[in-house]
Amino acid sequence: MTKIICGVTSCYLNKDKACCADSIDVSGDGAKSRGYTSCETFGKDRGGLRSSAKDVKEQSDISCSANTCVHNEDNKCLSQTIQIHGSDVDKSDETFCTTFRLK
């Protein structure tokens with residue numbers, strides 16, 4: 001299980017830079033840098049959805065297709081903490097995993 005630090009403040013699952021999802025999906029098959037990754041669980045906050053997000057999860061399961069990352073083993077992230085970021089995000093492909101490190 002992994003702690004998620006989320007800088008994507010426009011996501012309805014973000015609560016005080018933490019994630020409320022039980023699990024997230026990070027994409028990035030064949031990624032050469034963090035810019036080729038994204039959080040597929042991102043959902044744009046549309047005004048009332050944020051309040052429906054539950055409590056912040058201390059740790060979550062991370063499915064990850066960034067098979068070129070040193071933290072990826074069998075499509076799971078083994079890092080103890082990951083950071084997801086993106087500025088003025090409207091869709092998932094505008095997010096990225098800053099924890100990504102090329103093997």
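A. Representation of the overall build of the protein within the structure. A count of helical and extended segments in the protein gives one helix and 10 strands. Along the chain direction, N to C, the helices and strands of the protein fall in the order β-β-β-β-β-α-β-β-β-β-β. On C-alpha atoms alone, the protein measures out to a radius of gyration of 13 Å, which is about the 13 Å that the 2.2 N^0.38 rule sets for 103 residues. Dimensions of the protein, computed from the C-alpha atoms along their principal axes, are close to 40 × 25 × 15 Å. Put simply, the protein has 103 residues, and 42% of those count as buried. Surface accessibility of the protein: about 6,000 Å² in total, with carbon and sulfur atoms responsible for 45%.

Thresholds, definitions, all that
- Residues numbered from 1 in each chain as written.
- Predicted model: local features only at pLDDT ≥ 70, side-chain atom pairs only at ≥ 80, totals over all residues.
- Heavy atoms only, no water.
- Helix = DSSP H or I, 4+ residues; strand = E, 2+ residues; numbered from the N terminus.
- Rg over C-alpha atoms; globule rule 2.2 N^0.38 Å.
- Buried < 20%, exposed > 50% of the residue type's maximum accessible area, 1.4 Å probe, protein only.
- Areas by Shrake-Rupley, 256 points an atom, 1.4 Å probe, with all protein chains shown as cover.

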